[in-house]
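Fold and geometry: a report
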Amino acid sequence: MHTQILPATQAAIGETSLAEAARILKGGGIVALPTETVYGLAASALDERAVAKIFAAKGRPQDNPLIVHIAQPSMLDALAREVPKSAWQLAAAFWPGPLTMVLKKKQCVPDIVSAGLDTVGIRLPDHPVMRAVIERSQTPLAAPSANRSGAPSPTCANDCIEDLSGRVDAIVDGGACPVGVESTVVSLVGDTPRLLRPGAVTIEDLERVLGPVELDSAVTGEADPCNEASAPGMKYRHYAPEATVRLLLGDSEKFCKYVNEHAGPGVMALCFMGEEQKLLPPALSLGDEQDFDTIARRLFGALRELDRKGAKTVYAHCPPPTGVGLAIYNRLIRAAAFDVITL
Ligand code: TXA
Ligand code: MG
């Protein structure tokens, strides 16, 4: 399959690209599109055959449901059979933005989208390209992250090209994603709202609007495969580069000491600003250790970069799991296949 690369970083060229992307989607094709979180691989959410192409292109397990992207909050009613007050409150507070709500689905949402669950994840993204393409294709778009299943999520068009060239109809280049980690996923189907995946909208942000929010055990630990309430995607080794990643928790001094003691061929470090100079192995800095937004934005690109540099073993310094740090921690423990050492 030939994959078109459609530039959309400048408004003037973007017009043609947006029209072409919408044309492909209306015709049942699949297109990688930028969102504020990560790039998504989109198909019309109401077209089963188109959605099946997403699973094939990504090599995604069939039991992992997709998020449906909408352009207006009013589209919630078309997809969800019960929209509780809490959903409208969250929409008013955080949409457009990096928040996905899990609600009871209507029948029009094909089973392949929800992976057979009775629920559907819905999000209104805050990216002009994604929103324009939803509007123009006149359909909600199902879109998982546009990476090969298991790989780090793509945060620029080149990442999508690396993973999906020849496997999708088009990739729209809208530049780098400003958030860098996938949306927060919160389930509103139980008695108490439940955080299934942490993101840039933090649990503290959600609690300010909703009151108490439960933290699913899969957020900080390995998902229990028997627990249907968890986001199914959380149970897989995920976000992982080719290199083996080991996560280290502890202060800068202990981190540098551990890494230097384990230096050797193929060993590299993923660290915070200022630590590069103290480390013997080659190191990539994610930014100031207090600056979670920057760390989140750079995280997936850095994991891919370490592979390009030929890393075999990566020691990663992990931020504490508070605020947006919880999203970073959640992605890193999966990249490390739960190999975490407290120093
Ligand atoms: O920021 C994002 O959310 C990006 C962009 C493209 O919008 N999308 C994304 O999709 O990260 P994906 O498929 O890579 O991750 C979706 C996550 C998975 O962990 C999946 O299991 C969970 O959301 N999920 C989707 N629908 C669900 C449902 N009905 N119930 C529980 N979890 C659900
Ligand atoms: Mg994904």
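Residues numbered from 1 in each chain as written. Chains lettered and ligands numbered in written order. Predicted model: local features only at pLDDT ≥ 70, side-chain atom pairs only at ≥ 80, totals over all residues. Heavy atoms only, no water.

**Digging into the overall build of the chain**
Within the chain one finds eleven helices and 16 strands. The C-alpha atoms of the chain give 20 Å as radius of gyration, which agrees with the globular expectation for 343 residues (20 Å, within 12%). Its C-alpha atoms put the chain at 55 × 45 × 35 Å along the principal axes. Looking at the 343 residues of the chain, the share that counts as buried comes to 57%. Pairs at least 24 apart in sequence give 67% of the contacts found in the chain among residues at least 6 apart. When the accessible surface of the chain is summed, it comes to about 13,700 Å², and 50% of that surface belongs to carbon and sulfur atoms. The distance from the centre of the 33 positive side-chain charges to the centre of the 40 negative ones in the chain is 4 Å. (Helix = DSSP H or I, 4+ residues; strand = E, 2+ residues; numbered from the N terminus. Rg over C-alpha atoms; globule rule 2.2 N^0.38 Å. Buried < 20%, exposed > 50% of the residue type's maximum accessible area, 1.4 Å probe, protein only. Contact = heavy atoms within 4.5 Å. Areas by Shrake-Rupley, 256 points an atom, 1.4 Å probe, with all protein chains shown as cover. Lys, Arg positive; Asp, Glu negative; His and termini not counted. Charge placed at Lys NZ, Arg CZ, Asp CG, Glu CD.)

**Observations concerning the pattern of salt bridges**
For the structure on display, the rule yields 18 salt bridges. Among the ionic pairs, K104 bridges to E82, the shortest N-O distance being 3.7 Å. Of the two residues, K104 is situated in strand β5 (residues 99-104) and E82 in the loop between α3 (76-79) and α4 (85-94); the sequence distance between them amounts to 22 residues. Taking the relative accessible area as the measure of exposure, K104 reaches 25% and is therefore partly exposed. Between K257 and E261 there is a salt bridge, and its shortest N-O distance comes to 3.2 Å. Separated by four residues within a single helix, K257 and E261 lie in helix α9 (residues 252-261), roughly one turn from each other. One salt-bridge network, held together by shared partners, links D159, E162, D163, R304, E305, R308 and K309. (Salt bridge = Lys/Arg side-chain N within 4 Å of Asp/Glu carboxyl O.)

**Considerations on the nonpolar core**
Counting 50 residues, the largest nonpolar core has L41, L90, W95, M101, I122 and L206 as the members making the most contacts within it. With five residues, the single largest contributor to this core is helix α2 (residues 48-58). Leave out the neighbours within four places in its chain, and M101 touches A87, L90, A91, W95, V120, G121, I122, V186 and L188. V245, L299, I328 and L332 belong to the second-largest nonpolar core, a separate cluster that totals 33 residues. (Core = buried A, V, L, I, M, F, W, Y, C linked by side-chain atoms within 4.5 Å.)

**Side note on the side chain of S114**
By the secondary structure assignment, S114 is in helix α5 (residues 111-114). Setting aside chain neighbours within four positions, we find S114 in contact with P65, K105 and T119.

**With respect to the sheet that holds strand β14 (residues 283-285)**
Here five strands make up an open sheet; going across it, the order is β14-β13-β15-β12-β16 and the pairing parallel. Lying at the two open borders of the sheet, with one neighbouring strand each, are β14 and β16 (340-342). For this sheet, the mean angle separating the axes of adjacent strands, direction not counted, is 20°. In the packing of α9 onto the sheet, contacts are made with β12 (244-249), β13 (267-271), β15 (313-317) and β16, and the angle to β15 comes to roughly 170°. Across the sheet, helix α11 (residues 325-335) is in contact with β12, β13, β15 and β16; its angle to β12 comes to roughly 135°. (Pairing = 2+ DSSP bridges. Axes fitted to C-alpha atoms, helices over the stretch in contact; angles between N-to-C directions.)

**Some words on the side chain of S252**
Take S252: it is sitting in helix α9. Side-chain polar atoms of S252 contact the side chain of E275, separated by 2.7 Å. Ignoring anything within four residues of it in the chain, the contact list for S252 reads E275, K278 and H317. (Polar contact = N/O pair within 3.5 Å; in protein donor to acceptor, adjacent residues only side chain to side chain.)

Function cannot be read off these values alone, since they describe shape.
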